[in-house]
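Coordinate analysis (summary)
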Amino acid sequence: MAKNKLRISCWFLMAVFFFSFLALPSGQAQAADNSDSQVLNEVRKYIVENFVRPVDAAQLNQDSVYGMVYSLQDPYSVYFSAKEFAEFQDSTDQTFSGVGMQVELINNFVTVVAPLKNTPASRGGVKSGDKIIAVDGEDVVGKPLDYVVGLIRGVPGTAVVLTIQREGEKEPLILSLTREQIQLEVVESKLLEDSIGYIRLTTFSSNADDEFDAAIADLKLKGMRALVFDLRHNPGGYLTSGLSIASDFAPKDSILLHVVGRDGIKNSYKSLSPALGIPTVVLVDKGSASASEIVAGAIQDLGAGKLVGTQTFGKASVQTVFRLSNGGALKLTTAKYLTPKEREIHGVGLTPDYVVEGEEAQLAKAVELLKDELAKLPPEKEPLKITLALNKKEAQVGQKAVALDAIPYLRNGRTLVPLRFMAEAFGSQVSWDKSKQAVVIVSGGKRIVLSPGEPKALIDGKEVKLEAPAELVNGRSFVPLRFISESLGARVDFSSAKQEIYIVK
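Not measured: the values here are computed from a predicted model.

About the cut-offs
Residues numbered from 1 in each chain as written. Predicted model: local features only at pLDDT ≥ 70, side-chain atom pairs only at ≥ 80, totals over all residues. Heavy atoms only, no water. Helix = DSSP H or I, 4+ residues; strand = E, 2+ residues; numbered from the N terminus. Rg over C-alpha atoms; globule rule 2.2 N^0.38 Å. Buried < 20%, exposed > 50% of the residue type's maximum accessible area, 1.4 Å probe, protein only. Contact = heavy atoms within 4.5 Å. Areas by Shrake-Rupley, 256 points an atom, 1.4 Å probe, with all protein chains shown as cover. Lys, Arg positive; Asp, Glu negative; His and termini not counted. Charge placed at Lys NZ, Arg CZ, Asp CG, Glu CD. Pairing = 2+ DSSP bridges. Axes fitted to C-alpha atoms, helices over the stretch in contact; angles between N-to-C directions. Phe/Tyr/Trp six-rings, centres within 6.5 Å; stacked < 30°, edge-to-face > 60°. Core = buried A, V, L, I, M, F, W, Y, C linked by side-chain atoms within 4.5 Å. 1 Å grid on protein atoms, 1.4 Å probe; cavity = no way out; pocket = protein on both sides within 12 Å on 5 of 7 lines; lining within 4 Å. Points joined across faces, edges and corners; volume = space filled by probe spheres on them. Nonpolar A, V, L, I, M, F, W, Y, C, P; charged D, E, K, R; others polar. Salt bridge = Lys/Arg side-chain N within 4 Å of Asp/Glu carboxyl O. Right-handed = clockwise from strand over helix to strand, strands pointing away.

Looking only at helices and strands, the protein has 12 helices and 33 strands in total. Its C-alpha atoms give the protein a radius of gyration of 25 Å, near enough to 23 Å, the size a compact globule of 505 residues would have. Buried positions account for 54% of the 505 residues belonging to the protein. Within the protein, counting contacts between residues at least 6 apart in sequence, those at least 24 apart form 65% of the total. Taken as a whole, the protein presents about 21700 Å² of accessible surface, with 50% of it coming from carbon and sulfur. Taking the average place of the 57 positive charges on the side chains of the protein and the average place of its 60 negative ones, the gap between the two points comes to 7 Å.

Given below as structure tokens:
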């Protein structure tokens, strides 16, 4: 359900930054298609028309794609052969082979953004900010990012020796890591003391927003009234997942992000769903990058929560992937992100509202702040909680199991639910207007009118578009779940793993 919250152009879907998972050869070893004239012309055209800043003609006068892209001096713009592009696509999955760390090229040094949790890198002592100066004894300072990553990645079970320069250390550190197949644990959630929920997100995978929403729903059912959202050591991922999760914290129609291209035109993206509306603290550090900074920046700018921790990484540029005629692709920096208040993130990062060193101290500060916020709130009225399953003719309303007169179902990716059950569960009245062939729902002072088959409804006389039309099946009226729930003042979440719908009012 989370992916329906945002109206985002499809080209964002490949705006991902898992460089550390790729196995790319050096520029000197590029395949023959690197100098193919047709591919050269395609890449040149994409750069001229789309690169984030104007490019000198001399930079484009190259006899290889590698040389042309390298001349941009942009660590995030990369050419992939057909084989490399297939590996790049595989690297965006939650399973991959490697040592488990996000790296970027900064001032000629391949630098660690963050080691991922429970990976050889994190267990072996790799830290955010470490500079990799040699791999298996080979000096890699000044080498292309893709080349260094290719040296680090390898067959599971084999060892790789990294020589690292760490800030504050006089001598380089030598770490031996054993590569392994890694399954990312995207979401970790639990309930802390005093009804404070805790969610740690390790990466913004393609389905991270669904998993996040399911964790929120589960914690709310357990009585969560405030949230610690942990984005420490989260290097980013899919922009769509980031914006979908940011939408959970923003009032409807709030600006979440601005994207500015080379032409200076600013595109703004808004939340299309109601906010959680609970006290929130976000934990960040120098390993929080890209999508993590987008979410944290939106929460900070919109006053939806406080940031606790240390300065974030400062990665906020947009990469667009262009397919090429040889089966390869060009990943090109095409724009930059700004926070809702138009603050720069790239190269700067976000400054927390409370700068705190040390992971335990950061969590303790977050809990302290949330306890203070909870103390200001009036006693909470017990929320109405409803759980529906797509394959069951039964619902859970509070602690009580209730039989349904019809089973919820999916139609074109939208969930439709029995109208009478939903309305009555929320204390609303339902009637059929025979003259207009329409269903009328009266809830408090609100009047909702729906006509089966019509992709619109009337709310207090005002026409609104529906994500799916209401349907009449065997004499039963079915309505789009999200529309009817939000119209009646409820929040909806969906667990794709359990095929369950959670509604809280």
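Positive phi is not limited to glycine here, since S195 has a value of about 60 degrees. With respect to the secondary-structure elements, S195 resides in the loop between β10 (187-191) and β11 (196-201). Residue class for S195 comes out partly exposed when judged on its relative accessible area of 27%.

To continue, consider the sheet that holds β10. Read across the open sheet, the six strands follow the order β10-β11-β12-β15-β16-β19; overall the sheet is mixed. Here the strands that pair on one side only, and so sit at the sheet edges, are β10 and β19 (354-355). Across two bridges, strand β16 (residues 306-309) lies against β19 in parallel orientation. Bridge pairing links G309 to V355 in β19. Packed onto the sheet, helix α10 (residues 359-376) meets β11, β12 (226-230), β15 (280-284), β16 and β19 and runs at close to 170 degrees relative to β15.

Time to look at the packing of aromatic side chains. If you walk through the whole model with that rule in mind, you get six aromatic pairs. With centroids separated by 4.5 Å and ring planes inclined at 20 degrees, the aromatic side chains of Y46 and F322 adopt a geometry described as stacked. With a gap of 276 residues between them, Y46 in helix α1 (residues 37-50) and F322 in strand β17 (residues 317-323) connect regions that are remote in the sequence. The class of F322 is buried, set by a relative accessible area of 14%. On the basis of an interplanar angle of 20 degrees and a centroid distance of 5.7 Å, the ring pair of F229 and F249 is categorised as stacked.

Counting 41 residues, the largest nonpolar core has F229 and F249 as its most contacted members. Broken down by secondary-structure element, the contributors of at least two residues to this core are β11, α7 (208-221), β12, α8 (239-247), β13 (255-261), β15, α9 (291-301) and β18 (329-338). Element by element, the count of residues in this core is highest for α9, at six residues. Aside from chain neighbours lying at most four places away, what touches F249 is F212, L227, F229, A275, L276, T280, I299 and A304.

By volume, the largest pocket is sized at about 930 Å³. Taken together, 36 residues form the lining of the largest pocket, with P75, L105, I106, N107 and T111 sitting closest to its centre. Those elements that place two or more of their residues in the lining of the largest pocket are α3 (65-70), β1 (78-80), β3 (101-106), β4 (109-115) and α6 (145-152). Top contributing element to the lining of the largest pocket by residue count: α3, with three residues. A class-by-class count of the residues in the lining of the largest pocket yields 13 nonpolar, 14 polar and nine charged.

Before going further, it helps to spend a moment on the pattern of salt bridges. Taken as a whole and judged by the stated rule, the model has 18 salt bridges. Notably, a salt bridge pairs D230 with R232, separated by 2.8 Å at the nearest N-O pair. D230 gets classed as buried once you look at its relative accessible area, which sits at 0%. With a relative accessible area of 4%, R232 lands in the buried category. Residue K456 pairs with E463 through a salt bridge whose shortest N-O separation is 3.7 Å. Among the ionic contacts, a cluster of salt bridges with common partners joins E193, D194 and K371.

Burial analysis of strand β24 (residues 414-418) places four of its five residues in the buried class, the great majority of the element. Sheet topology note: the strand β23 (residues 409-411)/β24 ladder contains three bridges and is antiparallel. Looking across to β24, one finds that R411 is bridged to R414. What sits between β23 and β24 in their antiparallel hairpin is a turn of two residues, with N412 showing a positive phi close to 55 degrees.

This part covers the pairing of β15. The buried fraction of β15 amounts to five of the five residues, a majority that puts the element mostly inside the structure. Residues of β15 alternate between two faces, with T280, V282 and V284 on one and V281 and L283 on the opposite face, all of them buried. Here β12 runs beside β15; their pairing, made up of four bridges, is parallel. Bridging across to β15, V228 finds its partner in V281. Sheet topology places β15 next to β16; four bridges connect them, and they run parallel. By the bridge assignment, V282 is partnered in β16 with L307. Read as a crossover between parallel neighbours, the route from β15 over α9 to β16 is right-handed.

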